[in-house]
Amino acid sequence: MGWDSTRPVPWRRMFTEWLIYGALMAVLFLVLFRDRGLSGIVAGLLLSLPLFLLFGFVMAKFGYQRKSLKELRAQPRQTRPKSKSTSTSTGDADDAPRARPAPTSRTGGGTSRRPSGSGSKRKR
């Protein structure tokens, strides 16, 4: 999509999201950097507000609109994409039972190449 100056910008939502981010980061920095000066960290957090709002403004004018949690919850759950499988002829691999894998040398394959128990010592 191209730039459209008539597209609305969700200022209140962006400011609210930044307030949540700023509060969480301030608490995190207070916990992690108790013994250091916090003036630089607070200045960095305050500087991030106009950058966040400017970036959000530009993205909104280009047509980007992130869905809210309410909108995401209202959407019907979509099933996971079906994988390409050759196990069934109908193509509905999720409903069919899984076929047993072919025997290999590691699984024994149904035949034993070991000598029979006669004459060999049994390990305890």
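Look above for the structure.
Residues numbered from 1 in each chain as written. Predicted model: local features only at pLDDT ≥ 70, side-chain atom pairs only at ≥ 80, totals over all residues. Heavy atoms only, no water.

A. Main features of the overall build of the protein chain. The helix and strand tally for the protein chain stands at 3 helices and 0 strands. For the protein chain, restricting intrachain contacts to residue pairs at least 6 apart in sequence, the fraction spanning at least 24 positions comes to 70%. Surface accessibility of the protein chain: about 11,900 Å² in total, with carbon and sulfur atoms responsible for 60%. (Helix = DSSP H or I, 4+ residues; strand = E, 2+ residues; numbered from the N terminus. Contact = heavy atoms within 4.5 Å. Areas by Shrake-Rupley, 256 points an atom, 1.4 Å probe, with all protein chains shown as cover.)

B. Molecular detail of the nonpolar core. Counting 6 residues, the largest nonpolar core consists of Val 9, Met 14, Trp 18, Leu 49, Leu 53 and Ala 60. Elements with a minimum of two residues in this core: helix H1 (11–32) and helix H2 (39–61). Every residue in contact with Leu 49, bar those within four places of it in the chain, is listed here: Phe 15 and Trp 18. (Core = buried A, V, L, I, M, F, W, Y, C linked by side-chain atoms within 4.5 Å. Buried < 20%, exposed > 50% of the residue type's maximum accessible area, 1.4 Å probe, protein only.)

C. Local environment of H1. Compared with the 32 Å implied by 1.5 Å per residue over 22 residues, the 31 Å span of H1 between its first and last C-alpha is a close match. For H1, the set of buried residues is Met 14, Trp 18 and Gly 22. Relative to the axis of H1, the buried residues are bounded by an arc of 70 degrees and lie together on one face. For H1, the exposed residues lying more than 90 degrees away from the buried face are Arg 12, Ile 20, Leu 24 and Val 27. Taken together, the buried residues of H1 touch H2. (Expected span 1.5 Å × (residues − 1). Arc of directions from axis to C-beta.)

D. Expanded view of the layout of surface pockets. Here the largest pocket defines a volume of roughly 300 Å³. As for the largest pocket, its lining consists of 14 residues, of which Pro 10, Met 14, Glu 17, Tyr 64 and Arg 66 are closest to the centre. Taken together, the elements giving at least two residues each to the lining of the largest pocket come down to H1 and H2. Looking at the lining of the largest pocket, the element that brings in the most residues is H2, giving 5 residues. By residue class, the composition of the lining of the largest pocket is 7 nonpolar, 2 polar and 5 charged. (1 Å grid on protein atoms, 1.4 Å probe; cavity = no way out; pocket = protein on both sides within 12 Å on 5 of 7 lines; lining within 4 Å. Points joined across faces, edges and corners; volume = space filled by probe spheres on them. Nonpolar A, V, L, I, M, F, W, Y, C, P; charged D, E, K, R; others polar.)

E. Main features of the pattern of salt bridges. Across all of its chains, the model carries 2 salt bridges by this definition. Between Glu 17 and Arg 13 there is a salt bridge; the shortest N-O distance is 3.0 Å. Taken together, the residues Glu 17 and Arg 13, both in helix H1 and 4 residues apart, mark about one turn of the helix. Glu 17 is paired through a salt bridge with Arg 66; the nearest N and O atoms lie 2.5 Å apart. Remark: Arg 66 occurs in the loop between H2 and helix H3 (69–74) and Glu 17 occurs in helix H1; sequence separation between them is 49 residues. For Arg 66, a relative accessible area of 40% puts it in the partly exposed group. Residues joined in a network through salt bridges with shared partners are Arg 13, Glu 17 and Arg 66. (Salt bridge = Lys/Arg side-chain N within 4 Å of Asp/Glu carboxyl O.)

F. Seen up close, H2. Between its terminal C-alpha atoms H2 stretches 34 Å, which fits the 33 Å expected from 23 residues at 1.5 Å a residue. For H2, the complete set of buried residues consists of Leu 45, Ser 48, Leu 49, Leu 53, Gly 56, Ala 60 and Lys 61. As for H2, its buried residues are in contact with H1. Among the residues trailing H2, Gly 63 stands out with phi positive, at a value near 105 degrees.

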